[in-house]
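# Results of the structural survey
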Amino acid sequence: QVQLVESGGGLVQAGGSLRLSCAASGRTFSNYAMGWFRQTPGKDRDIVAAISRTGGITHYADSVKGRFTISRDNAKNTVYLQMNSLKPDDTAVYYCAASAQFYSTTAQGYTYWGQGTQVTVSS
């Protein structure tokens, strides 16, 4: 089992920044690819960004490219999502997830999920 706990969400004005953190415990963190997803009411959970086990490969949804950065610190068992130039459309619950695959960009590839953190961007 891998336990994931997100933090760093909140309310921010458009154009502002937030950094989400996801602390993992329970298994060897570096054995898991990590991803950030987001979901709004009535919609599917969509990938925002993903990072491979070693951090050498990253993936971003087109809507966040150039604004968001995913990173990981395997020594701290933590994955981050730096979000800049936030827009109201970025408002969602953000979830951290862990995949036993080397790298995955689909929700189906992830086994463990955090409880989510709300991000609200006001206009």
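In this text, all values refer to a predicted model and were calculated from it rather than measured experimentally.

Here Arg67 shows up in the loop between β6 (58–60) and β7 (68–73). Looking at Arg67, the relative accessible area reads 11%, which means it is buried. Of the polar contacts made by the side chain of Arg67, one reaches the backbone oxygen of Ser63; its length is 2.8 Å. With residues near it in sequence (within four places) discarded, Arg67 still touches Gln82, Met83, Asn84, Ser85, Leu86, Lys87 and Asp90.

Pairs may arise between side chains of opposite charge once their charged atoms sit close together. Under the counting rule described, the total for this entry stands at three salt bridges. Residue Lys65 pairs with Asp62 through a salt bridge whose shortest N-O separation is 3.1 Å. In this structure, the salt-bridge partner of Arg67 is Asp90, at a minimum N-O distance of 2.8 Å. Placement of Arg67 in the loop between β6 and β7 and of Asp90 in the loop between β8 (78–83) and β9 (92–99) is noted, with a sequence separation of 23 residues between them.

We now examine the sheet that holds β7. Taking strand neighbours across the sheet as the criterion, the four strands line up as β1-β3-β8-β7 in an open arrangement whose pairing is antiparallel. Taken across any chain shown, the strands that pair with only one partner, and hence form the sheet edges, are β1 (3–7) and β7. Across the sheet, the mean angle separating the axes of adjacent strands is 15° when strand polarity is ignored. Inspection of the sheet shows β7 paired to β8 by six bridges, in the antiparallel sense.

So, about unusual backbone geometry. In this model, Asn77 sits at a positive phi of 55°, which is unusual for a non-glycine residue. Topologically, Asn77 is positioned in the loop between β7 and β8. Its identity is not glycine, yet Ser85 carries a phi of approximately 50°, on the positive side. Mapped onto the elements, Ser85 comes out in the loop between β8 and β9.

Let us look at the side chain of Arg38. One can find Arg38 in strand β4 (residues 33–39). A polar contact of 2.9 Å, which involves the side chain of Arg38, links it to the side chain of Tyr94.

Our focus in this paragraph is the environment of Ser21. By the secondary structure assignment, Ser21 is in strand β3 (residues 18–25). Residue Ser21 is classed as buried on the basis of its relative accessible area, which comes to 16%. Residues Ser21 and Tyr80, spaced 59 residues apart in sequence, show a C-alpha to C-alpha distance of 4.6 Å. Sequence-distant contacts of Ser21, that is, excluding residues within four places in its chain, are made with Val5, Glu6, Ser7, Trp36, Thr78, Val79 and Tyr80.

For the rest of this paragraph, the subject is the state of the cysteines. Scanning the entire structure with this criterion turns up one disulfide. Disulfide partner of Cys22: Cys96, at an S-S distance of 2.1 Å. Between Cys22 and Cys96, the disulfide has an S-S torsion of -75° and is therefore left-handed. Of this pair, Cys22 sits in strand β3 while Cys96 sits in strand β9, placing them 74 residues apart in sequence.

What counts, and at which threshold
Throughout, residues of each chain are indexed from 1 in the direction in which the sequence is written. Local features in this predicted model are restricted to residues of pLDDT 70 or higher, and side-chain atom pairs are both shown and tallied only at a pLDDT of 80 or more, whereas totals for entire chains, interfaces and linings draw on every residue. Computation of side-chain values covers all heavy atoms of the structure but excludes hydrogens and water. Helix and strand assignments follow DSSP, with helices taken as H or I runs no shorter than four residues and strands as E runs no shorter than two, numbered in order from the N terminus. Per-residue accessibility, obtained with a 1.4 Å probe over protein chains only, is compared with the maximum for each type, and a residue is labelled buried under 20%, exposed over 50%, and partly exposed between these values. Between N or O atoms, a polar contact is any pair within 3.5 Å; within protein, one atom must be a potential hydrogen donor and the other a potential acceptor, and residues adjacent in sequence are included only when both atoms are from side chains. Should any heavy atoms of two residues lie within 4.5 Å, those residues are counted as being in contact. Salt bridge, as used here, is a side-chain nitrogen of Lys or Arg placed within 4 Å of a carboxyl oxygen of Asp or Glu. For two strands to be treated as a pair, DSSP must find no fewer than two bridges joining them. Angles here are taken between N-to-C directions and fall from 0 to 180 degrees, while the axes themselves are lines fitted to C-alpha atoms, restricted in helices to the stretch in contact. Our working definition of a disulfide is a cysteine sulfur pair at a distance within 2.5 Å.

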